[in-house]
Number of protein chains: 2
Amino acid sequence: MEKLPSLEQLIESFARLPGVGRRSAERMAYAVLEMKDEDVQRFYEALKSSKENISKCPRCGYYKEGNACPICDDHERETDKVFVVSSFKDALAIENSNTYHGLYHILFGSLSASKGVYPEDLNIEPLLNRIKEGNIKEVILGTNPTIDGETTATYVASLLKDYDINITRLGYGLSIGSSLEYSDPLTLEKALEGRKKL
Amino acid sequence: MEKLPSLEQLIESFARLPGVGRRSAERMAYAVLEMKDEDVQRFYEALKSSKENISKCPRCGYYKEGNACPICDDHERETDKVFVVSSFKDALAIENSNTYHGLYHILFGSLSASKGVYPEDLNIEPLLNRIKEGNIKEVILGTNPTIDGETTATYVASLLKDYDINITRLGYGLSIGSSLEYSDPLTLEKALEGRKKL
């Protein structure tokens, strides 16, 4: 294969993706060689423009394409609620469940003593600034139902306790040890309905 | 997701790859968003140059990058043997096994009445032209040991029978590392037929 350097590089790039081993990466690369020109071009342009045009909203951390954040700049949303999650994928799972129409705040991780993730490593300070602006009436803590997620929720709740807002935690439906990202919409809906005041 | 068209397109492109469902495609696309700029750049440049710079050798059908075919233009190979296979991946498997150092000829498919693949759909005519040049002493038929593969081998052999060359077929038998207990009866029969004196 060293005689086809572009193909070798393509295999390496595929192999960097989650859940893709060397063997699968090879199959994908050969499939690209067999693809129609326009499909490869669309693929290439999507990769390029995803990286160039998609960025994190500086306010909430959700991904946006272009200038407007699909969440913060959507004026039909309930702007007095903030759903705090660990990752974009978590926020997306909630969006796709169609049960929530407020704002988000993405922390980009969970507190973890073992992994050395501390409060200053997370997107917490900007959340406090949003609360201080005074429009938020409810903060829903939607970190994962795991030890790290619970720790994060408890920590964020402790920072927010002096503000005049409702702090709730997702409750019913989520099983301990599972991942929010892979929860089905109904479970997410039940969890949202069953949120509890902390 | 319709608010992030580049990402949606990227997910669709990943989902076109073999063995990648919608869910895996989403994970891959989000992983791209989290990748370093230089890794994404290397990825899309590999995609672009694989498609632009890699082409099939007009003589043997093997993939080549640039002008020289890694097989036909490698002057250290035995140029009097041609290994006939159905696909590039088959030829690659043989290359990687390091057991063969002759030439290849890729048919790009197998004859199949049920799938409507006929001799004129395969890369057979150019093989005959190579034989007519007179340098080839042996043609090894390496199509798959399936009904379609056997049909193809038999058909190609019938076309070559008037030329003064050896026509051989890959040997059948037990795969190394396989278990006799789980081998199918036909394989066992072929293994018995092909037994060798020790």
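Residues numbered from 1 in each chain as written. Chains lettered and ligands numbered in written order. Predicted model: local features only at pLDDT ≥ 70, side-chain atom pairs only at ≥ 80, totals over all residues. Heavy atoms only, no water.

J.: Which residues make up the pattern of salt bridges, and what values go with them?
T.: Using the criterion set out here, one finds 24 salt bridges over all chains in the structure. Put simply, Asp39 of chain B and Arg42 of chain B hold a salt bridge, and the shortest N to O gap is 3.4 Å. Of this pair, Asp39 of chain B and Arg42 of chain B are both found in helix H3 (residues 37–53), 3 residues apart, which corresponds to roughly one turn of the helix. Look at Asp39 of chain B and you get buried, because its relative accessible area is 11%. Linked through salt bridges whose partners overlap, the residues forming this network are Glu8, Arg22, Arg23 and Glu26 of chain A. (Salt bridge = Lys/Arg side-chain N within 4 Å of Asp/Glu carboxyl O. Helix = DSSP H or I, 4+ residues; strand = E, 2+ residues; numbered from the N terminus. Buried < 20%, exposed > 50% of the residue type's maximum accessible area, 1.4 Å probe, protein only.)

J.: Tell me about helix H1 (residues 5–15) of chain A, and please be specific about residues and values.
T.: Three or more residues of H1 of chain A are buried, namely Ser6, Leu7, Glu8, Leu10, Ile11, Ser13 and Phe14 of chain A. Buried residues belonging to H1 of chain A abut helix H2 (22–34) and helix H3 (37–53) of chain A together with helix H1 (5–15), H3, strand S1 (54–56) and strand S2 (63–65) of chain B. (Contact = heavy atoms within 4.5 Å.)

J.: Before we move on, can you summarise the sheet that holds strand S3 (residues 81–85) of chain B with the specific residues and values?
T.: Residue and element names in this part refer to chain B. Spatial strand order, S4-S3-S5-S6: 4 strands in an open sheet with parallel pairing. Of all strands in the sheet, those bounded by a partner on one side alone are strand S4 (103–106) and strand S6 (166–169). Sheet twist, expressed as the mean angle between neighbouring strand axes with direction ignored, is 25°. Where helix H4 (residues 88–97) meets the sheet, it contacts S3 and S4, and its direction lies at approximately 160° from that of S4. Strand contacts of helix H6 (residues 147–160): strand S5 (138–141) and S6, with the helix running at about 175° to S6, the strand carrying the most contacts. (Pairing = 2+ DSSP bridges. Axes fitted to C-alpha atoms, helices over the stretch in contact; angles between N-to-C directions.)

J.: Lay out the interface of chain A and chain B in plain terms, naming residues and giving numbers.
T.: Facing 50 residues of chain A, the contacting portion of chain B comprises 48 residues. Across the interface of chain A and chain B, roughly 4,900 Å² is buried in total on both sides, 68% from carbon and sulfur atoms. When the buried surface of chain A facing chain B is broken down by residue, Tyr44, Leu47 and Lys51 of chain A rank first, second and third, together holding 14% of it. Linking chain A with chain B are 4 salt bridges. The partner of Arg16 of chain B in a salt bridge is Asp39 of chain A, and the shortest N-O contact between them spans 3.3 Å. Applying the counting rule to chain A against chain B returns 15 residue pairs in polar contact (both at pLDDT 80 or more). Elements with a contribution of two residues or more to the side of chain A that touches chain B: H1, H2, H3, strand S1 (54–56), strand S2 (63–65) and helix H4 (88–97) of chain A. Here the side of chain A that touches chain B takes 14 residues from H3 of chain A, the largest share from any one element. Residues belonging to the side of chain A that touches chain B are distributed by class as follows: 26 nonpolar, 6 polar and 18 charged. (Buried area = accessible area lost by both parts, 1.4 Å probe. Polar contact = N/O pair within 3.5 Å; in protein donor to acceptor, adjacent residues only side chain to side chain. Nonpolar A, V, L, I, M, F, W, Y, C, P; charged D, E, K, R; others polar.)

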